[in-house]
Amino acid sequence: MGMCSKQNLFIGMAVVWVASLVFDVHRQPRLGHNWYVYKLVMLTNLNFVLDVFYSVLVAAASKSRVLRQIADFMYYTSVFPVGVVTCGLFWGLYYIDPALVMPEWIAKLIPTWLNHITHTYPIIYILLDSYFHRRNAPGTITCWIVSATLVFIYFMIIGYVRFYDGYWLYPILQLFSIQHFVLSYFLAFFGFFLLTKAAYFLNKMMHRTRYPATTGGARKVNKKRH
């Protein structure tokens with residue numbers, strides 16, 4: 001695919017993200033609060049807004065080195081791991097029992113297409129982004145720090161909602177003891193870090209497959225010149 005076609009693809013995908021967010025902001029109900037920002041306590045909505053911002057960034061980054069560097073960092077440290085967790089947990093738990101992630105009364109409020117935008121489209125976008133863009137990965141220490149920070153912040157959000165609003169964000173948490181909650185935190189932390197590494201291997205594998213002879217060819221040319 002040529003540069004122009006690739007650019008148009010990601011502009012189009014960004015338009016889908018932005019239009020879906022506009023619909024969600026203006027047409028979807030906000031339970032318990034008037035401000036849309038309160039919906040961001042849900043991982044789905046956090047990932048939704050994250051993907052909208054990232055897709056616009058990617059669409060605008062073709063001629064800006066700084067924007068590309070920001071996109072590279074976000075891809076590894078938030079977009080890939082948060083997207084995989086959001087979609088994987090949702091569909092995994094939904095397969096076991098839909099009520100674990102989406103009670104029937106909530107499902108009636110959300111259009112099917114919007115549910116797929118928030119829980120299926122992120123994976124499609126991640127795979128296409130991985131395939132078409134070589135991403136420069138941050139260092140391992142940086143990934144550890146970002147993983148610990150983001151997981152800690154989100155668990156604090158869960159605790160805040162439980163303490164101040166009196167309910168768990170996800171029905172499955174009602175089944176957790178304190179020990180389960182602590183264990184889930186450490187599993188989430190290590191799992192998040194492993195996903196940053198999975199993003200690295202996926203991106204590397206995709207571009208090694210697409211350009212298997214690039215490095216070797218360059219070496220042969222250099223040897224001939226010498």
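By convention here, each chain's residues receive numbers from 1 onward along its written sequence. Only residues with pLDDT of at least 70 are given local features in this predicted model, and only at 80 or more are side-chain atom pairs given and counted; all residues enter the totals for whole chains, interfaces and linings. As a convention, hydrogens and water are excluded, and side-chain values are obtained from all of the structure's heavy atoms.

A few points about the environment of Gly 159
- With respect to the helices and strands, the residue Gly 159 is situated in helix α7 (residues 140-165).
- On a C-alpha basis, the gap between Gly 159 and Leu 169 in space is 9.2 Å, while along the polypeptide they are ten residues apart. In this text, helices come from DSSP runs of H or I with a minimum length of four residues, and strands from runs of E with a minimum of two, each type numbered from the N-terminal end.

Here we look at the side chain of Thr 77
- Mapped onto the fold, Thr 77 is located in helix α3 (residues 65-96).
- Classification of Thr 77 as buried rests on a relative accessible area of 3%.
- The term polar contact refers here to a pair of N or O atoms within 3.5 Å; inside protein, the definition further demands a hydrogen-donor-capable atom paired with an acceptor-capable atom, and it admits residues adjacent in sequence only when both atoms are side-chain atoms. A polar atom in the side chain of Thr 77 sits 2.6 Å from the backbone oxygen of Phe 73.
- Excluding residues that lie within four positions of it along the chain, Thr 77 makes contacts with Pro 138, Val 146, Leu 150, Phe 192 and Thr 196. Burial classification: accessible surface area is computed with a 1.4 Å probe over protein chains only, and a residue below 20% of its type maximum counts as buried, one above 50% as exposed, and the rest as partly exposed. Any two residues whose heavy atoms approach within 4.5 Å are treated as being in contact.

Things to note about the pattern of salt bridges
- We count a salt bridge whenever a side-chain nitrogen from Lys or Arg sits within 4 Å of a carboxyl oxygen from Asp or Glu. Under the criterion given, the structure shown has four salt bridges.
- Salt-bridge contacts for Lys 39 lead to Asp 24; the nearest nitrogen and oxygen are separated by 3.2 Å. Placement of Lys 39 in the loop between α1 (3-27) and α2 (43-60) and of Asp 24 in helix α1 is noted, with a sequence separation of 15 residues between them.
- Lys 39 sits in the buried class, given a relative accessible area of 14%.
- Note on Asp 24: relative accessible area 4%, which makes it buried.
- Between Asp 129 and Arg 135 there is a salt bridge, and its shortest N-O distance comes to 2.9 Å.
- With a relative accessible area of 9%, Arg 135 lands in the buried category.
- A single salt-bridge network, built from bridges that share partners, covers Asp 72, Asp 129 and Arg 135.

Thoughts on the UniProt feature "transmembrane region" (unreviewed entry) in the protein chain
- UniProt positions are given in the numbering used here, feature names are shortened, and annotations may be inferred rather than shown by experiment. Here the UniProt feature "transmembrane region" (unreviewed entry) sits at residues 40-61, 73-93, 105-128, 140-161 and 181-202.
- Annotation note: span residues 105-128, helix share 79%, strand share 0%, distance between end C-alpha atoms 34 Å.

Focus: the nonpolar core
- By convention a nonpolar core is built from buried Ala, Val, Leu, Ile, Met, Phe, Trp, Tyr and Cys residues, the set being connected through side-chain atoms within 4.5 Å. Trp 17, Phe 48, Tyr 54, Tyr 75, Phe 80, Tyr 125 and Leu 169 are the most contacted members of the largest nonpolar core, which has 40 residues in total.
- Among the elements of the structure, α1, α2, α3, α5 (112-119), α6 (121-132), α7 and α8 (178-210) are those that each provide at least two residues to this core.
- Filtering out sequence-adjacent residues up to four positions away, Tyr 75 remains in contact with Tyr 54, Phe 80, Pro 81, Asp 129, Ser 130, Arg 135, Ala 199, Leu 202 and Asn 203.

Quick notes on α1
- By definition here, a helix of n residues has an expected span of 1.5 Å times n minus one. Compared with an ideal rise of 1.5 Å per residue, which puts 25 residues at 36 Å, α1 spans 36 Å between its outermost C-alpha atoms and is within 8% of the ideal.
- Residues of α1 that are buried include every one of Lys 6, Phe 10, Met 13, Ala 14, Trp 17, Ser 20, Leu 21 and Asp 24, and no others.
- Residues of α1 that are buried in the fold lie against α2, α5 and α6.

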